[in-house]
Every structure is written in structure tokens, then in C-alpha cells.
Amino acid sequence: MNEKCLFCKIINGDIPSAKVYEDEYVYAFRDINPQAPVHILVVPKAHIGSAAEVNAENSVYVAKCYEAIAKIAAAEGLDNGYRVINNCGEDGGQSVMHLHFHLIGGMKLSEKII
Ligand code: 5GP
Ligand code: ZN
């Protein structure tokens, strides 16, 4: 828990969120500013600042996030596919410095960078 971190406060219940999934490693909730019919933020319960801070000690949280993404996507009915986005650092457009994966779907997504 990082006292100054927005997502740590959400995980801790200090700030309300629309929770969709939770387990020992992962907390997932709906984005406050959704970019698609389904837009869920999947975050590790440990404070990891960004993808740049993933290492051998904490990478289990990343694996658990992806396990959760598969479960949530199925529960949300995203049978035809979806997109997972991780913005990293300033150039990557990350605005909340707690590692998170955007799970986006429920429509045909067109914009592609790669
Ligand atoms: P980033 O730009 O860091 O990749 O994504 C941060 C995301 O967090 C944005 O999509 C933004 O809408 C979302 N967000 C920011 N503050 C809150 C909040 O207080 N509650 C929720 N549910 N989402 C938030
Ligand atoms: Zn945090």
C-alpha cells in the first residue's frame, strides 16, 4: 500500500469503485471514463509503479492479472475478442502510477498502433 497512490486507495476501499473481480493478487473495477462498452481496469494488489518495475520477485502479479483478464472477459461476454492495454511511463501515456491493464471490448475496436 502506497499512501499517496489512487489505485492503492481504491484497492483498500478508501475510494469507492465499481468492482467486477477480486482475488488474493488482483482487484478489477470499471474505468470512471470508459472508452468502450466494457472498460475495466485490472490491477495488482501490490503497489508496482508500472511495467518498468516488473521483476522476478513480483511478476506473479502480472500472471495473475492475465488469469483474471481471461475470467473477466468470459464473464463480460467478450467471446469475440477484446484488447488489453498497458500504458507505461510518461511517453506511454500512463497517468496513474500503479501498474494496470485496461480490458476494453464490447465493440469492434478499430484504432491500432501495431
Ligand atoms: P492510464 O492513463 O494511467 O493508462 O489509465 C488510468 C485510467 O484510470 C484512466 O482510464 C482513467 O479514466 C482511470 N481513472 C482515473 N481515476 C479513476 C478513479 O478514481 N476511478 C476509476 N474507476 N477510474 C479512474
Ligand atoms: Zn498503488
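Throughout this document, residue positions are counted from 1 along each chain, in the order its sequence is written. As a convention, the first chain written is A and the first ligand written is 1, with the rest following in written order. Selection of residues for local features in this predicted model requires a pLDDT of at least 70, selection of side-chain atom pairs for listing and counting requires 80 or more, and totals for whole chains, interfaces and linings are taken over all residues. Side-chain calculation: all heavy atoms of the structure are included, whereas hydrogens and water are not.

(A) Representation of the environment of Tyr82 in the model. For Tyr82, the location among the structural elements is in the loop between helix H2 (59-75) and strand E4 (83-85). Distance in space between the C-alpha atoms of Tyr82 and Leu103 is 7.1 Å, their sequence separation being 21 residues. By the convention used here, residues are in contact when the closest approach between their heavy atoms is within 4.5 Å. Among residues more than four places away in sequence, those in contact with Tyr82 are Ile69, Ala70, Ala73, Leu103, Ile104, Gly105 and Leu109. A run of H or I in DSSP counts as a helix once it spans at least four residues, and a run of E counts as a strand once it spans at least two, with each numbered from the N terminus.

(B) Structural view of the site of ligand 1. Near is defined per residue: the residue qualifies when any heavy atom it owns lies within 4 Å of the molecule or strand. Around ligand 1 sit 16 residues, and of these Arg30, Asp31, Asn87, Ser95 and His102 come closest. Side-chain atoms alone can form a polar contact between residues adjacent in sequence; in general such a contact is a pair of N or O atoms within 3.5 Å, and within protein one must be able to donate a hydrogen while the other accepts it. One of the backbone nitrogen or oxygen atoms of Ile32 is found 3.3 Å away from a nitrogen atom of ligand 1. Taking Gly93, its main chain carries an N or O atom lying 3.3 Å from an oxygen atom of ligand 1. All accessibility values rest on the Shrake-Rupley procedure with a 1.4 Å probe; residue burial counts only the protein chains present in the view. Computed on the free molecule, ligand 1 has an accessible area of 520 Å², of which 81% lies beneath the protein chains in the complex. Of all the secondary-structure elements, those providing two or more residues to the shell around ligand 1 are helix H1 (6-12) and strand E2 (26-30). In this classification, Asp, Glu, Lys and Arg are treated as charged, Ala, Val, Leu, Ile, Met, Phe, Trp, Tyr, Cys and Pro as nonpolar, and every other residue, Gly included, as polar. A per-class count over the shell around ligand 1 returns 7 nonpolar, 7 polar and 2 charged.

(C) Examining the coordination of the zinc ion (ligand 2) more closely. As a rule, N, O and S atoms within 2.8 Å of a metal are its donors, except that Na, K and Ca use 3.2 Å; water is not among the atoms, so sites may look incomplete. Within the protein, the zinc ion (ligand 2) binds to Cys5 (SG), Cys8 (SG), His47 (ND1) and His98 (ND1); these donor distances fall in the range 2.0 to 2.3 Å. Every geometry call rests on angle ranges, with four donors termed tetrahedral when all angles are between 85 and 135 degrees, four termed square planar and six termed octahedral when opposite donors are over 155 degrees apart and all others are between 65 and 115, and everything else termed irregular. Considering all 4 donor atoms around the zinc ion (ligand 2), angles at the metal cover 104 to 115° and the coordination shape is tetrahedral. Among the residues examined, Cys8 registers a relative accessible area of 2% and is labelled buried. Between buried and exposed lies partly exposed: a residue is buried under 20% and exposed over 50% of the maximum accessible area for its type, with that area taken using a 1.4 Å probe on protein chains only.

(D) Structural view of the pattern of salt bridges. The rule for a salt bridge is simple: a side-chain nitrogen of Lys or Arg has to be within 4 Å of a carboxyl oxygen of Asp or Glu. In this structure the tally under the stated criterion is 4 salt bridges. Among the salt bridges present, the one from Lys19 reaches Glu22, with a minimum N-O distance of 2.7 Å. A salt bridge links Arg30 to Glu76; the shortest N-O distance between them is 2.8 Å. Of this pair, Arg30 sits in strand E2 while Glu76 sits in the loop between H2 and E4, and the two are 46 residues apart along the sequence. A relative accessible area of 26% means that Glu76 is categorised as partly exposed. In this structure, a network of salt bridges that share partners links the residues Lys19, Glu22 and Lys45.

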